[in-house]
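# Breakdown of the fold
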Amino acid sequence: MRKALRWFGWTVVCLVGLLAIALLFAFWVWFFSARLLGATHEAAPERLPAVDATQLAEGGRQARILGCYSCHGEGLRGRMMFEAPNVVRVWVPNLVELAARTTDQQLAQGIRQGIGHDGRALYVMPSALYSRLNEAEVAALVAYIRSLPPGGDRLSNLEWGPIGRFALAMGGFPSQRDRMEEFRTRLPFDAGPATAFGRRLVSLQCAGCHAPDLSGDESMPDVFSPGLSIAGAYSRDQFRVLMRTGRPPGGRDLGMMREAALNELRHYTDAEIDQIYDYLQARARRVTDPPPRTSQR
Ligand code: HEC
Ligand code: HEC
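Residues numbered from 1 in each chain as written. Chains lettered and ligands numbered in written order. Predicted model: local features only at pLDDT ≥ 70, side-chain atom pairs only at ≥ 80, totals over all residues. Heavy atoms only, no water.

## Considerations on the domain arrangement of the protein
If you check the domain split of the protein, you get domain 1 (53–169) and domain 2 (186–286). For domain 1 and domain 2, the distance between their C-alpha centroids amounts to 24 Å. Regarding the contact of domain 1 and domain 2, the summed buried area is about 1100 Å², with carbon and sulfur atoms giving 51% of it. With a shortest N-O distance of 2.8 Å, Arg 61 and Glu 272 are connected by a salt bridge. On the surface where domain 1 and domain 2 come into contact, there are 9 residue pairs in polar contact (both at pLDDT 80 or more). (Domains from an automatic or database assignment. Buried area = accessible area lost by both parts, 1.4 Å probe. Salt bridge = Lys/Arg side-chain N within 4 Å of Asp/Glu carboxyl O. Polar contact = N/O pair within 3.5 Å; in protein donor to acceptor, adjacent residues only side chain to side chain.)

Right, dumping it as structure tokens:
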């Protein structure tokens, strides 16, 4: 009887100890992630030049090509983009509502510095990619957002669940500020002045999925975007069809690539698509990317 009681006592002590450790751990995750999410950052001053009517219209076209509409939705009025239960709920803010209560500086720092209007770091918004935009391009985007009719509701930004907070605390979810350096230093191969314009277009668009230097990337869990030396095998006509419809020569469904083509890439002019093609051909003659990884499905 005494022995049984003693065992019982030890079991209770162990359970209480384990519970205390679990609580301490949960507290640490909560504390650390709250510190990351709550931290405010000082943005560099943005000196945006004035925008004329042509540049304003170009801002609108770029908002489609660069994917602002794909995420921020119809009229850039924001939406619920996706939810991974207990990880994160991605609310994409209503940009016209935001523009009505923020300065050009605040919008511009969100676009290309990864710092929201309130000084908080951005996570899903691809600011690291857009850090490659120049002042005039950002000014045109900001002016374009301001030119849209106001409306829609004020939406929250990201809402983090416990698993998402754990990933944050463990460093598994880098902020856009953490990714800036990568986009600054891993540039697409430079194939010379003749293809500089095409290179600029791909470094601002395709690089968002195909990796900062186009060498291929896991764009989303289990979605692989191949290194773009794969485009070396395309004829000019096949490439035009891919850019306009998202359909490759064999007709395979390319999923995210098809959506990118239909929503974003089709807003390129024919001349731009040819410039992109010329650059990718020149690149493919000099660069061979690692073979594309594929999902296990
Ligand atoms: C992949 C989806 C995606 C794309 C593409 C995207 N955004 Fe965002 N954007 C978001 C999300 C989500 C947020 C909310 C905060 C976060 O990501 O942490 C956001 C936040 C912002 C903010 C900051 C809001 C704040 O709180 O201050 C601005 C400004 C903005 N986006 C403008 C743009 C513009 C302009 C473009 C196109 C050049 C664009 N976004 C493209 C998803 C996207
Ligand atoms: C939103 C993400 C996204 C963007 C933006 C994007 N791609 Fe892709 N792309 C993908 C994915 C994902 C695949 C792989 C699809 C598959 O194999 O199922 C792909 C595949 C490709 C392929 C190979 C198709 C094949 O024959 O297998 C080429 C070429 C390509 N992309 C070119 C481009 C170019 C050029 C741009 C920019 C002008 C671009 N992509 C922009 C996601 C993207």
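## Focus on the site of ligand 2
Taken together, 22 residues lie around ligand 2, and Cys 206, Cys 209, His 210, Tyr 234 and Met 257 are the ones closest in. A distance of 2.8 Å separates a nitrogen atom of ligand 2 from a polar side-chain atom of His 210. At 3.1 Å, a side-chain N or O of Arg 252 approaches an oxygen atom of ligand 2. Mapped onto the shell around ligand 2, the elements with two or more residues apiece are helix H11 (207–210), strand E5 (223–225), helix H12 (236–245) and helix H13 (256–263). (Near = heavy atom within 4 Å. Helix = DSSP H or I, 4+ residues; strand = E, 2+ residues; numbered from the N terminus.)

## Comments concerning the coordination of the iron atom of ligand 1
Within the first shell, the iron atom of ligand 1 binds the protein through His 72 (NE2) and Met 125 (SD), at distances of 2.0 to 2.1 Å. With 6 donor atoms in place around the iron atom of ligand 1 and angles of 86 to 179° between them, the coordination shape is octahedral. Of this pair, His 72 sits in helix H3 (residues 68–72) while Met 125 sits in the loop between helix H5 (104–112) and helix H6 (127–130), placing them 53 residues apart in sequence. Residue class for Met 125 comes out partly exposed when judged on its relative accessible area of 23%. (Donors = N, O, S within 2.8 Å, 3.2 Å for Na, K, Ca; no water. Tetrahedral: all angles 85-135°; square planar, octahedral: opposite > 155°, others 65-115°. Buried < 20%, exposed > 50% of the residue type's maximum accessible area, 1.4 Å probe, protein only.)

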